[in-house]
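The residues making up each chain are set out below.
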Amino acid sequence: MSDFSLEVDAGADQGAVIVGIDEVGRGPLAGPVMAAAVHIPFALHTDPLLRDVTDSKKLNAAKRELIAGALVGLVPYGIGVAEVEEIDRINILQATYVAMGRAAAALSDCLDKEPDLYLIDGNRLPPVPVPARAVVKGDLKSLSIAAASIIAKVHRDNAMSALAEVHPGYGWERNAGYGTAEHLAGIAALGVTIHHRRSFRPVREALLAGGGTL
């Protein structure tokens, strides 16, 4: 279970503003990549509402929705999005960094002071304006990163469900744009939409095979 040790080590108990950042949506064939940035004030880190916060992948959809609803009413956060056009233009890694930067900027607008440190899930650091630390498997170690992972996941899943209503037949409400058998069958039957990532091989191959754009 994620805890607050990394934040305390960085001075959260002395008033330092520590922010956790995580992303979701690097692997899907469709839809944007999103990131969330979360600051958990030291006074709130033991709040019972945070008891079940952990890596979003370890939670089922109903539990994620429940925890995300509690989080967004409790702690300051920001969401950052990089759209499909940006992913195709600058590649998914750089687009992920863009989404993280936008999440950090959105959170900064909600805070009384600039963050002292970003804790960022992964082994690479995006360009950010204040000191940052990459934390491998951070969503299992840091409460702030885990909270960001949950908010980002729920936000993106909801966005993909909304897109599924406009473009039925791909199963985005279930697969969130990942390359499942259902999604690949939808591409084969219906073609490629404006929300598909053309720089990703299955989509590119479908276009080469004559799959049109909706």
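Residues numbered from 1 in each chain as written. Predicted model: local features only at pLDDT ≥ 70, side-chain atom pairs only at ≥ 80, totals over all residues. Heavy atoms only, no water.

Draft legend 1. Expanded view of the sheet that holds strand 3 (residues 77-82). Spatially, the 5 strands line up as an open sheet ordered 3-2-1-4-5, and their pairing is mixed. Edge positions in the sheet fall to strand 3 and strand 5 (132-135), since each has one partner strand and no second. Strand after strand, the sheet turns through a mean of 20° between neighbouring axes, direction not considered. Where strand 4 (residues 117-121) and strand 5 come together, 4 bridges link them in parallel fashion. Directly across from I120, in strand 5, lies its bridge partner A134. (Pairing = 2+ DSSP bridges. Helix = DSSP H or I, 4+ residues; strand = E, 2+ residues; numbered from the N terminus. Axes fitted to C-alpha atoms, helices over the stretch in contact; angles between N-to-C directions.)

Draft legend 2. Region of interest: a positive patch on the surface. Taken together, the side chains of K58, R133, K137 and K141 make up a positively charged region of the molecular surface. Tracing the chain through its elements places R133 in strand 5. R133 sits in the partly exposed class, given a relative accessible area of 41%. (Patch = residues over 30% accessible without salt bridge, like charges linked within 9 Å, V, L, I, M, F, W, Y side chains within 5 Å. Areas by Shrake-Rupley, 256 points an atom, 1.4 Å probe, with all protein chains shown as cover. Salt bridge = Lys/Arg side-chain N within 4 Å of Asp/Glu carboxyl O. Lys, Arg positive; Asp, Glu negative; His and termini not counted. Charge placed at Lys NZ, Arg CZ, Asp CG, Glu CD. Buried < 20%, exposed > 50% of the residue type's maximum accessible area, 1.4 Å probe, protein only.)

Draft legend 3. Main features of the pattern of salt bridges. All told, the structure shown has 12 salt bridges when counted by the stated rule. In this structure, E86 and R102 form a salt bridge, with 2.8 Å as the shortest nitrogen-oxygen distance. Of this pair, E86 sits in helix 3 (residues 84-90) while R102 sits in helix 4 (residues 92-108), and the two are 16 residues apart along the sequence. On the basis of relative accessible area, E86 is assigned to the buried category, the value being 12%. Notably, a salt bridge pairs R174 with E173, separated by 3.0 Å at the nearest N-O pair. On the basis of relative accessibility, which here comes to 41%, the residue E173 falls in the partly exposed class. The network of salt bridges with shared partners includes D55, K57 and D139.

Draft legend 4. Representation of the pairing of strand 4 within the structure. Of all 5 residues in strand 4, 5 are buried; the element is thus mostly enclosed. Burial of strand 4 is two-sided: the residues L117, L119 and D121 facing one way and the residues Y118 and I120 facing the other way are all buried. Bridge analysis of strand 1 (residues 18-24) against strand 4 gives 4 bridges, and the strand direction is parallel. Its bridge partner lying in strand 4, I18 is registered against L117.

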